[in-house]
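Close look at the chain arrangement
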Amino acid sequence: IARMNLLCYANESMAYMLCGNMDRGAPEYQLEAAISKIFASQAAWDVCDETIQILGGAGFMKDVGIERWMRDLRIFRIFEGTNDILKLFVALNGVQDVGKKLKAG
């Protein structure tokens, strides 16, 4: 439960940071948005999965409702840019400066 709380807190903190940057008119925030989306969708999936583990077999019962959350959360990793594509975007941004230095160098 502590890890689940940690993931929710970290996700909320990332969202506030990103929104603050956007509100201040930061010219570049696409990288932070991509990282936040990847983290949030994966964290939500992990929390839901852990909730099912805590509830045991009852976690899959329709009357509890967690099984629907898991189905709904799966789509967050696909919509608005799949996490796999966003991970490539983050990696590309991470190596761009190194590539420029190597090319110049």
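Quick look at the structure, then. (Residues numbered from 1 in each chain as written. Predicted model: local features only at pLDDT ≥ 70, side-chain atom pairs only at ≥ 80, totals over all residues. Heavy atoms only, no water.)

Structurally, the position occupied by Thr51 is in helix H2 (residues 30-55). Its relative accessible area of 17% is what places Thr51 among the buried residues. With sequence-adjacent residues up to four places away left out, Thr51 is seen in contact with Met4 and Ile66. (Helix = DSSP H or I, 4+ residues; strand = E, 2+ residues; numbered from the N terminus. Buried < 20%, exposed > 50% of the residue type's maximum accessible area, 1.4 Å probe, protein only. Contact = heavy atoms within 4.5 Å.)

Topologically, Glu67 is positioned in helix H3 (residues 66-76). In this structure the side chain of Glu67 is engaged in a polar contact, spanning 2.3 Å, whose partner is the side chain of Arg71. Apart from the residues lying within four places of it in its own chain, the contact partners of Glu67 are Gly59, Phe60, Met61 and Lys62. (Polar contact = N/O pair within 3.5 Å; in protein donor to acceptor, adjacent residues only side chain to side chain.)

Here the focus is the pattern of salt bridges. Counted according to the given criterion, the structure contains three salt bridges. A salt bridge links Arg3 to Asp46; the shortest N-O distance between them is 3.9 Å. Highlighted residues: Arg3 in helix H1 (residues 2-23) and Asp46 in helix H2, separated in sequence by 43 residues. Among the residues examined, Asp46 registers a relative accessible area of 22% and is labelled partly exposed. Salt-bridge contacts for Arg68 lead to Asp72; the nearest nitrogen and oxygen are separated by 3.4 Å. In this pair, Arg68 and Asp72 are both assigned in helix H3, four residues apart and thus about one turn of the helix distant. (Salt bridge = Lys/Arg side-chain N within 4 Å of Asp/Glu carboxyl O.)

What follows covers H1. Over its 22 residues, H1 extends 31 Å from the first C-alpha to the last, a length consistent with the 32 Å expected when each residue adds 1.5 Å. What H1 keeps buried is the set Met4, Leu7, Met14, Leu18, Gly20 and Asn21. If you follow the buried residues of H1, they end up packed against H2. With its phi angle positive at about 80 degrees, Gly25 sits one or two positions after the end of H1. (Expected span 1.5 Å × (residues − 1).)

This brings us to the nonpolar core. In this structure, Cys48, Ile52, Ile66, Met70 and Leu73 together form the largest nonpolar core, which totals five residues. Among the elements that make up this core, the one with the highest residue count is H3 (three residues). Excluding residues that lie within four positions of it along the chain, Cys48 makes contacts with Ile66, Trp69, Met70 and Leu73. (Core = buried A, V, L, I, M, F, W, Y, C linked by side-chain atoms within 4.5 Å.)

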